[in-house]
Amino acid sequence: MQHRRFNPRNIWKYVLSVVLVVIYCMPLYVMLNMAFKSMTDSSSRLSPPKELFWGNFAQLFQEGSIVRALINTLVITVFTVLIEVVLGCMAAYPLARHRSRFNKLINAVMMGVMMIPPLSILVGVYSTLVSLHATSTFWGMIIVSAAFGLPMPIYFFTKFITTIPRSLDEAAQIDGCNTLQVFFHVILPQMKPAIATIVILNGVGMWNEYGYALYILQKPSMYTLTLTISQYFSSGGANNLNGAAAAACIATLPMIIMYLFLQRYFIQGTVDSAVKG
Amino acid sequence: MSKTLRTLRKSRINLFYVPALVLMLLFVAYPFAQAIHLSFTNWNGYSQTMHAVGFANYVSMLHDPNLRTAFINTLIYGFGSAFFQNVLGLLFALFLNSRFRGHSIVRTFIYLPVMISGLIMGYIIYYFVQYDGGIFNEILGWFGAAPVDFMAQRWRAVLIITAINIWQYAGISMVIYMAGLQSIPTTYYEAARIDGAGTLRCFWSITLPLITPAMATAVVMNLIGGLKLFDVIMALTGGGPGFATNSLSTYISNQYFNAQRAGYSAAVGIATFLLIVLVAGIFNHLFATRELEA
């Protein structure tokens, strides 16, 4: 890579860059700004706080619902993504290696599921959960999310396994591996980057999930971050927008920090999963 | 070993996808069938009894002014977002692809809002559009202009919601286009330059045709995302004032949980599903034929 020097002809690029960065940082700046100001601070929302005020955060942790929401969200995200990865890998293996007509049909069915916007069949999902007594349960939330989230990993993993040379499978079989052993010793170890992509993409998706959580998790003790945040902003939160901003910080910072450290994987994952194979 | 036994042994591998299939059948396919069934009833969402009403729900959709509003809004959210996200995404990608010092920092920040829940982003934007003390009104005040109640009027509110969605997710189109641009061999441009092609000519004749696959992906992704829009609307207006900013998604949940018209809500859901499948299908087809020509 060649060494780039500052070029005066590029000055407009730097001006435009600064404008773009400012536009894209503004909301986050305002969120942080509000979070570190006391409720009684009536200065402009654009001006930085004179000194960092930690009271909003202290109050949030004292009250405790944000901590519970963090734990709830973490539990739901981890288990949903775990189910998606395990079942997704398992399903992709035969679909990539055993291309019978029947399996092509199964594949088509799964891709069809990908087209269904979850909220459009809200009534059906919710009434199904009611009859299973699964409303306001974590497992209900996890299993519904996993079911709707599965087609993407299956599609992605299938595409990925197809690129692993079949001769590797055959070599292992000649050495006496059965199908299961081929899967665990040959296929799975190579799937690490694909699994990382899915963990990142679906993990962010679940962390930020709102549509279904709103209806499935109706007990306040089960609220996820998005539900808790909406509590802060809607009910009486309008009086304490500073506290609400602090809560929004706690909800978003884990994702933002992870993104800043692993951004290459986040961006590559988006591209890989989007580009049609 | 007999032939059937061998095929049986070979297809034992298929057992691997059974768990995934069962999960999807139980929690997607069955609810889907259930939703179709309920859309032909007058169920209110909680009582034990319901009556079949035939196509009554679908007929009343035609005469529901609130649904018409939600439908038109959804088209604006969907097509408006997709159009501007792609124009912006492509412009950003071209800009960042011109390789200057620090271009990757700009990319980092443009993609950053994708990490944040649409709901929380909506709430953060509330700090800007709030009538009392909102940042936009403060800025208007600097110029001596009267404060504006941004979310009180239908069209203004719909445009603001669309704009937030465009701004927040333009980064996705941008990274898809950046990958597309990087896959174009630079020799093409060098050859064109020798033949005397200018920058614009290069763009129309090389860049645009060769990034059609990236465009197909980005357009369809953004369309589906915009047509499903839910979180931002819930955060900023909850579908209001009245029903003015509802999308089909927010209207579905409103009819089910607030109006207790579960049967009707199911019918609207099925219609929404068909709309999205139709739009995605049309655009996939359009791009597929374009790729063949290119």
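Conventions adopted
Residues numbered from 1 in each chain as written. Chains lettered and ligands numbered in written order. Predicted model: local features only at pLDDT ≥ 70, side-chain atom pairs only at ≥ 80, totals over all residues. UniProt positions renumbered as here; feature names shortened; annotations may be inferred. Helix = DSSP H or I, 4+ residues; strand = E, 2+ residues; numbered from the N terminus. Rg over C-alpha atoms; globule rule 2.2 N^0.38 Å. Buried ≥ 20, exposed ≤ 12 C-beta atoms within 10 Å, placed from the backbone. Contact = placed C-beta atoms within 7 Å. Core = buried A, V, L, I, M, F, W, Y, C linked by C-beta atoms within 7 Å. Domains from an automatic or database assignment. Nonpolar A, V, L, I, M, F, W, Y, C, P; charged D, E, K, R; others polar. Axes fitted to C-alpha atoms, helices over the stretch in contact; angles between N-to-C directions. Parallel < 35°, antiparallel > 145°, perpendicular 65-115°, else oblique.

- As named in an unreviewed UniProt entry, chain B is Glycerol-3-phosphate ABC transporter permease, taken from Bifidobacterium canis.
- According to the UniProt record, the Subcellular location (unreviewed entry) comment for chain B reads "Cell membrane".

- Chain A goes by Maltose ABC transporter permease in an unreviewed UniProt entry, where it is assigned to Bifidobacterium canis.
- Comment text from UniProt for chain A, heading Subcellular location (unreviewed entry), reads "Cell membrane".

### Points about the overall build of chain B
Logical step 1: Regarding its fold elements, chain B presents 14 helices and 0 strands.
Logical step 2: Its C-alpha radius of gyration of 24 Å places chain B more than 25% over the 19 Å reference for a compact globule of 294 residues.
Logical step 3: Taking the principal axes of its C-alpha atoms as reference, chain B extends roughly 85 × 75 × 30 Å.
Logical step 4: A total of 294 residues make up chain B; the buried ones form 44% of that total.
Logical step 5: Long-range contacts, defined as pairs at least 24 residues apart, comprise 70% of the intrachain contacts of chain B with a sequence gap of at least 6.

### A short note on the overall build of chain A
Logical step 1: Helices and strands together make up the secondary structure of chain A, namely 13 helices and 0 strands.
Logical step 2: Along chain A, helices and strands appear, N-terminal first, in the series α-α-α-α-α-α-α-α-α-α-α-α-α.
Logical step 3: What you see for chain A is a C-alpha radius of gyration of 24 Å, clearly larger than the 19 Å of a compact globule of 277 residues, by over 25%.
Logical step 4: Across its three principal axes, chain A shows a C-alpha extent of roughly 75 × 65 × 30 Å.
Logical step 5: Expressed as a percentage of its 277 residues, the buried residues of chain A come to 43%.

### Re the UniProt feature "transmembrane region" (unreviewed entry) in chain B
All names here are of chain B.
Logical step 1: Following the UniProt record, one finds the feature "transmembrane region" (unreviewed entry) at residues 12-33, 75-96, 108-129, 157-181, 202-224 and 264-287.
Logical step 2: With 100% helix and 0% strand, residues 157-181 has its two end C-alpha atoms placed 35 Å apart.
Logical step 3: As annotated, residues 202-224 has a helix share of 96% and a strand share of 0%, and its two end C-alpha atoms lie 31 Å apart.

### A few points about the nonpolar core
Where a protein is soluble and globular, its nonpolar side chains tend to be buried together.
Logical step 1: Of all hydrophobic cores here, the largest spans 160 residues; its most connected members are Ala147(A), Ile229(A) and Ala248(A).
Logical step 2: In terms of residue count, the dominant contributor to this core is helix α8 (residues 154-182) of chain B (16 residues).
Logical step 3: Beyond its immediate stretch of four places on either side in the chain, Ala248(A) contacts Met31(A), Ile229(A), Ile120(B), Tyr123(B) and Ile124(B).

### Observations regarding the domain arrangement of chain A
Residues and elements named next belong to chain A.
Logical step 1: As assigned here, chain A comprises domain 1 (8-53) and domain 2 (63-274).
Logical step 2: The gap between the C-alpha centroids of domain 1 and domain 2 is 33 Å.
Logical step 3: With 7 residues of domain 1 at the interface, the matching set in domain 2 holds 7 residues.
Logical step 4: Here the residues of the side of domain 1 that touches domain 2 are counted per class, giving 5 nonpolar, 1 polar and 1 charged.

### With respect to the packing of helix α12 (residues 225-234) of chain A against helix α13 (residues 241-274) of chain A
All names here are of chain A.
Logical step 1: Between α12 and α13, whose axes approach to 9 Å, the crossing angle comes to 170°. On the basis of the axis angle, α12 is roughly antiparallel to α13. Where α12 approaches α13, its residues Leu-225, Thr-228, Ile-229, Tyr-232 and Phe-233 are matched on the opposing element by Gly-243, Ala-244, Ala-247, Ala-248 and Ala-251.
Logical step 2: Of the residues that constitute the contact of α12 with α13, the class distribution is 8 nonpolar, 2 polar and no charged.

### Details of the environment of Ala35(A)
Logical step 1: Within the secondary structure layout, Ala35(A) lies in helix α1 (residues 11-35).
Logical step 2: Residues Ala35(A) and Cys89(A), spaced 54 residues apart in sequence, show a C-alpha to C-alpha distance of 42 Å.

### Re the interface of chain B and chain A
A common way to express how large an interface is: the accessible area buried when the components associate.
Logical step 1: At the interface, 66 residues of chain B touch 73 residues of chain A.
Logical step 2: When contributions to the side of chain B that touches chain A are tallied by element, the ones reaching two or more residues are α2 (18-38), α5 (103-111), α6 (118-129), α7 (135-142), α8, α11 (212-227), α13 (248-258) and α14 (262-293) of chain B.
Logical step 3: No other element matches α2(B), which puts 13 residues into the side of chain B that touches chain A.
Logical step 4: Taken together, the residues of the side of chain B that touches chain A break down into 49 nonpolar, 13 polar and 4 charged.

### Let's talk about the UniProt feature "transmembrane region" (unreviewed entry) in chain A
Residue and element names in this part refer to chain A.
Logical step 1: In the numbering used here, UniProt assigns the feature "transmembrane region" (unreviewed entry) to residues 12-32, 69-93, 105-126, 138-157, 194-217 and 243-262.
Logical step 2: In this annotation, residues 69-93 is assigned 100% helix and 0% strand; the end-to-end C-alpha distance for the span is 36 Å.
Logical step 3: When the span residues 243-262 is considered, its composition is 100% helix and 0% strand, and the gap between its end C-alpha atoms is 29 Å.

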